[in-house]
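Listed below, chain by chain, are the residues.
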Amino acid sequence: MKKIYLAGGCFWGLQKFFDQFDGVVSTETGYANGKTENPTYEDVKHKNSGHAETVKIEYDENKISLTKLLEYYFLAIDPFSLNKQGPDEGENYRTGIYYDDDSLLPEIEAEFKRREEAAGQKFKVELLPLKNYYSAEEYHQKYLEKNPTGYCHLPLKLFALAKKE
């Protein structure tokens, strides 16, 4: 199993988005790459903790590649938007690809570079080692499963890209 941490606006929708793909073993919402320890949602949202709402994705690399996960990721974000995805604004809604295994970096950099070159302009997506990751509170885990009519900035069509068996 491998892990990647992806920030792409509100983590509720991003978690539900990645849960649909075969090979994704588990997802968890959390807070990454901030400057404080053990932040709460209130700290992240209102107290300038510096964390990004992030989804930790554990995946089986024999069923889904990191490159494929990143392809999906770029479908779900606006890579040119700084600290904003959909109507959500603020540093906590920034985009980022965070890793805790340096062996993943060449594959990440290759896909990032390929997409950036194809777009013809620089992305606003952070590409950094993971630091200060903390799980979000229980009520944020699988939020849209628990609250099917809950808020989500992602278009509904993105939740029907794949079906898990």
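Residues numbered from 1 in each chain as written. Predicted model: local features only at pLDDT ≥ 70, side-chain atom pairs only at ≥ 80, totals over all residues. Heavy atoms only, no water.

A. Representation of the side chain of Glu 111. With respect to the helices, strands and loops of the structure, Glu 111 is situated in helix H4 (residues 105-119). Within the structure, the side chain of Glu 111 is placed 2.9 Å from the side chain of Arg 114, a separation counted as a polar contact. Residues in contact with Glu 111, not counting those within four places in the same chain, are Thr 67, Leu 70 and Glu 71. (Helix = DSSP H or I, 4+ residues; strand = E, 2+ residues; numbered from the N terminus. Polar contact = N/O pair within 3.5 Å; in protein donor to acceptor, adjacent residues only side chain to side chain. Contact = heavy atoms within 4.5 Å.)

B. Spotlight on the pattern of salt bridges. This structure, assessed with the given rule, holds 12 salt bridges. For the salt bridge of Glu 111 with Arg 114, the shortest nitrogen-to-oxygen distance reads 2.9 Å. Residue Glu 111 and its partner Arg 114 are both found in helix H4; the two are separated by 3 residues, about one turn of the helix. The exposure class assigned to Arg 114 is partly exposed, which follows from its relative accessible area of 44%. Among the ionic contacts, a cluster of salt bridges with common partners joins Glu 111, Arg 114 and Arg 115. (Salt bridge = Lys/Arg side-chain N within 4 Å of Asp/Glu carboxyl O. Buried < 20%, exposed > 50% of the residue type's maximum accessible area, 1.4 Å probe, protein only.)

C. Seen up close, the sheet that holds strand E1 (residues 2-8). The strand order across the open sheet built from 6 strands is E7-E6-E1-E3-E2-E8, with neighbouring strands paired in mixed fashion. Strands with a single pairing partner mark the edges of an open sheet, and in this sheet they are strand E7 (126-129) and strand E8 (134-135). Where E1 and strand E6 (residues 95-99) come together, 4 bridges link them in antiparallel fashion. Bridge pairing in E6 links Tyr 5 to Tyr 98. The strands touched by helix H1 (residues 11-19) are E1, strand E2 (24-32) and strand E3 (52-59); relative to E2, the strand with the most contacts, the crossing angle is about 165°. (Pairing = 2+ DSSP bridges. Axes fitted to C-alpha atoms, helices over the stretch in contact; angles between N-to-C directions.)

D. Molecular detail of the packing of H1 against helix H3 (residues 66-76). At their nearest, the axes of H1 and H3 sit 11 Å apart, and the two run at 140° to each other. When the axes of H1 and H3 are compared, the pair comes out oblique. Considering how the two elements wind past one another, H1 and H3 form a crossing that is right-handed. Packed against H1, whose contacting residues are Leu 14, Phe 17 and Phe 18, the element H3 presents Leu 69, Tyr 72, Tyr 73 and Ala 76 at the interface. Considering only residue class, the contact of H1 with H3 consists of 7 nonpolar, no polar and no charged. (Parallel < 35°, antiparallel > 145°, perpendicular 65-115°, else oblique. Left-handed = near helix turned anticlockwise from the far one by under 90°. Nonpolar A, V, L, I, M, F, W, Y, C, P; charged D, E, K, R; others polar.)

E. Looking closely at the pairing of E2. As paired strands, E2 and E3 are joined by 8 bridges and run antiparallel to one another. Each bridged residue has a counterpart across the sheet, and for Gly 30 the counterpart in E3 is Thr 54.

F. Structural context of the packing of H3 against H4. Interaxial distance between H3 and H4 falls to 10 Å at its minimum, and their mutual angle equals 40°. When the axis of H3 is compared with that of H4, the two are oblique. Between H3 and H4 lies a crossing whose hand is right-handed. Taking contact as the criterion, the partners of Leu 66, Thr 67, Leu 70, Glu 71 and Phe 74 in H3 are, on H4, Glu 107, Ile 108, Glu 111, Phe 112, Arg 114 and Arg 115. Considering only residue class, the contact of H3 with H4 consists of 5 nonpolar, 1 polar and 5 charged.

G. Summary view of the environment of Lys 45. Counting through the fold element by element, Lys 45 comes out in helix H2 (residues 41-46). Among the residues examined, Lys 45 registers a relative accessible area of 32% and is labelled partly exposed. Once the C-alpha coordinates of Lys 45 and Gly 90 are considered, the two residues, 45 residues apart in sequence, prove to be 8.1 Å apart. If near-sequence neighbours (up to four positions away) are discounted, Lys 45 is found in contact with Asn 92 and Tyr 93.

H. Focus on unusual backbone geometry. A positive phi angle, near 55°, is found at Asn 48, a position not held by glycine. Considering the arrangement of structural elements, one finds Asn 48 in the loop between H2 and E3.

Function cannot be inferred from these measures alone, as they are strictly geometric.
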